[in-house]
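Residue-level structural notes
So you can see what is in the structure, the chains are spelled out below.
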Amino acid sequence: TTTAKGIVELAEDGEARAGVAVQGSDRRLKDATTTAKGIVELAEDGETRAGVAVQGSDKRLKDATTTSKGIMEFAEDGEDAAGVAVQGNDRRLKPASETAAGIVALAKNNESKQGCAVQSTDSRLDNARTPLPHTHDYAPITHDFSSHAGTISIRASKHEPFSQITPPPDDSSIIYAKNESSESGSIGVTGIAGISTAGWSHSYGVLGHSAHIGVRGQSSGGDEKSGGGCGVIGLSRFGAGGVFSSEHDYSLVADGFGKIKHYDGSVDLMGNGDALLVNGKSVFNGKMIILNDASVDQERYPANLVELFEVDDAEYVMPGDLLVVSDTGKSILSRSRNEYSRSVIGVVSGNPTIVINNSGKEQKVYPVALAGTVLCKLDARKRPVCPGDLVVTSDTPGSGMAGTVDSFEKIGTVIGKALDALEEGIGLVPIFISHR
């Protein structure tokens, strides 16, 4: 009992004396409250007194806000007070811009401002600058700078044969520039020199030097919309567009058939014969030699200086026909039909070499030989033709004959002199144009 010991002595309610056993009805084993202790004493809401236990409903254990503390107090947006926690939606954690700072403030393009981070698009990251000393193999490396100061001297030994009109391979040259742009204005290699010189000087934008070919320009051509391409184009505002000179060969060779193996055997072209197109006045100081085309039968069709004329004759006009002024005028010609016609103009050429076109037309015109030798259709049925005979018109359409100027009325009827004979019949005879 509480007054006499048995196996043990029982303690009074709430008794804290040593050597006595606490009874199950002791008030200290009851549920604790804020006013009476059990095993522990509970604290009032928000109470900070020592020795009391915080209850689960305490306001300090609620969610924290910017105005009331929970376990911690949240900071307002952008607030930098001590003891408050920064929230995840704080503007300082947002992406930075030039006008609003995030983690960092961004500088504007080319802006030099302390505390601002330079953006990757800043022009100062692309502009040329003085390069640091360095060496490298130029061709395969993309460079950090947009240009270099100073000069470049490159020496190497590379070669790779290529033929026809194809892009040269990388291993064929020491400097290889390939512009892969498909837009207009793309250039593979550009050379500029002497543009700041006050006076005239020997400066060259691009110079090619070789024991074989100094410069080779080639083009694979263009389409119908853009027009044809060209191997080399020379332009000038005040000087010559192109100057060619040679000590021991022709200064300029224009081959319309592609027969250039003498100069470059790696190219085998099949041209259509168009060799030279000149628009505008041309001046030749010196001798001009014109050779008959080897592909034309020289005995049958000599080379001629001709002028193109429109012909009103409905009949078929062929080389060798004699033409006279048409009765309609207007620079139109007709086949001859009368003997000793004073309106005779010339002979239709079978091999026009130098052609003059004053008609302004390109169709239904015929080349009429103006000078030199031409094959002319002659009629020897009335009188044989002998070398040296004067040639006049006959009554056979388009044909001439041997004539004699024995009266005033026949003056102006001669078109030429026969260079060969025709014993009989109608045939082509070479004559020398000679108007009399």
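Residues numbered from 1 in each chain as written. Predicted model: local features only at pLDDT ≥ 70, side-chain atom pairs only at ≥ 80, totals over all residues. Heavy atoms only, no water.

In this section: the overall build of the protein chain. Of the regular secondary structure elements, the protein chain holds zero helices and 19 strands. In the protein chain, which comprises 436 residues, the proportion classed as buried is 21%. Considering only contacts within the protein chain whose residues lie at least 6 apart along the sequence, 39% involve residues at least 24 apart. (Helix = DSSP H or I, 4+ residues; strand = E, 2+ residues; numbered from the N terminus. Buried < 20%, exposed > 50% of the residue type's maximum accessible area, 1.4 Å probe, protein only. Contact = heavy atoms within 4.5 Å.)

Looking now at unusual backbone geometry. Not every positive phi belongs to a glycine, and Lys330 is a case in point at roughly 55°. Here Lys330 is to be found in the loop between strand 10 (322-325) and strand 11 (332-335). Relative accessible area serves as the criterion here: at 75%, Lys330 is assigned to the exposed category. Positive phi outside glycine occurs at Tyr340, with the angle close to 50°.

Another aspect to go through is the environment of Ser334. Tracing the backbone through its elements, the reader meets Ser334 in strand 11. One polar contact links Ser334 to Ser326, side chain to side chain, over a distance of 3.4 Å. (Polar contact = N/O pair within 3.5 Å; in protein donor to acceptor, adjacent residues only side chain to side chain.)

The tally for this structure, following the rule as stated, stands at 13 salt bridges. The shortest N-O distance in the salt bridge between Asp321 and Arg335 comes to 3.5 Å. Of this pair, Asp321 sits in the loop between strand 9 (304-311) and strand 10 while Arg335 sits in strand 11; the two residues are 14 residues apart in sequence, bridging distant segments of the chain. Asp321 sits in the buried class, given a relative accessible area of 0%. For Arg335, a relative accessible area of 9% translates into the label buried. Linking Lys410 and Asp406 is a salt bridge whose minimum nitrogen-to-oxygen distance equals 3.0 Å. Residue classification places Lys410 among the buried residues on the basis of a relative accessible area of 18%. (Salt bridge = Lys/Arg side-chain N within 4 Å of Asp/Glu carboxyl O.)

Looking now at the pairing of strand 11. Of the two faces of strand 11, both are covered, the one formed by Ile332 and Ser334 as well as the one formed by Leu333 and Arg335. Note that strand 9 and strand 11 share two bridges and pair parallel. Directly across from Glu310, in strand 11, lies its bridge partner Ile332. As paired elements, strand 10 and strand 11 share three bridges and run antiparallel to each other. Looking at the pairing, Leu323 lines up with Arg335 of strand 11. Linkage of strand 10 to strand 11, two consecutive antiparallel strands, is achieved through a turn of six residues, within which Gly329 is found at a positive phi near 70°. (Pairing = 2+ DSSP bridges.)

Bringing the nonpolar core into the picture now. If you look at the biggest cluster of nonpolar residues, it comprises 19 residues, and the most contacted ones within it are Val347, Leu378, Val385, Ile415 and Ile431. Elements represented by at least two residues in this core include exactly strand 10, strand 12 (344-348), strand 15 (373-379) and strand 19 (426-433). Aside from chain neighbours lying at most four places away, what touches Leu378 is Val385, Val391, Gly400, Met401, Leu422, Gly425, Ile426, Gly427, Val429 and Ile431. Within the second largest apolar cluster, seven residues are counted, among which are Phe309, Val311, Val317 and Leu333. (Core = buried A, V, L, I, M, F, W, Y, C linked by side-chain atoms within 4.5 Å.)

With that out of the way, let us pick up the packing of aromatic side chains. Throughout the structure, instances matching the rule amount to zero aromatic pairs. Over the ring of Tyr340 we find Lys410, and its NZ or CZ is 4.2 Å from the ring centre. (Phe/Tyr/Trp six-rings, centres within 6.5 Å; stacked < 30°, edge-to-face > 60°. Lys NZ or Arg CZ within 6 Å of the ring centre and 35° of its normal.)

Turning next to the pairing of strand 14 (residues 365-371). One ladder, built from six bridges, connects strand 9 with strand 14; its direction is antiparallel. Paired with Leu308 across the two strands is Pro367, which belongs to strand 14.

Tracing the backbone shows Glu362 in the loop between strand 13 (352-357) and strand 14. For Glu362, a relative accessible area of 78% translates into the label exposed. Expressed as a C-alpha distance, the spacing of Glu362 and Phe309, which sit 53 residues apart in the sequence, is 10.0 Å.

Let's shift gears to a nonpolar patch on the surface. Taken together, Phe284, Met288, Ile290, Leu305, Ile354, Ile356 and Leu370 make up a surface patch of nonpolar side chains, about 590 Å² in accessible area. Among the secondary structure elements, Leu370 is positioned in strand 14. (Patch = residues over 30% accessible without salt bridge, like charges linked within 9 Å, V, L, I, M, F, W, Y side chains within 5 Å. Areas by Shrake-Rupley, 256 points an atom, 1.4 Å probe, with all protein chains shown as cover.)

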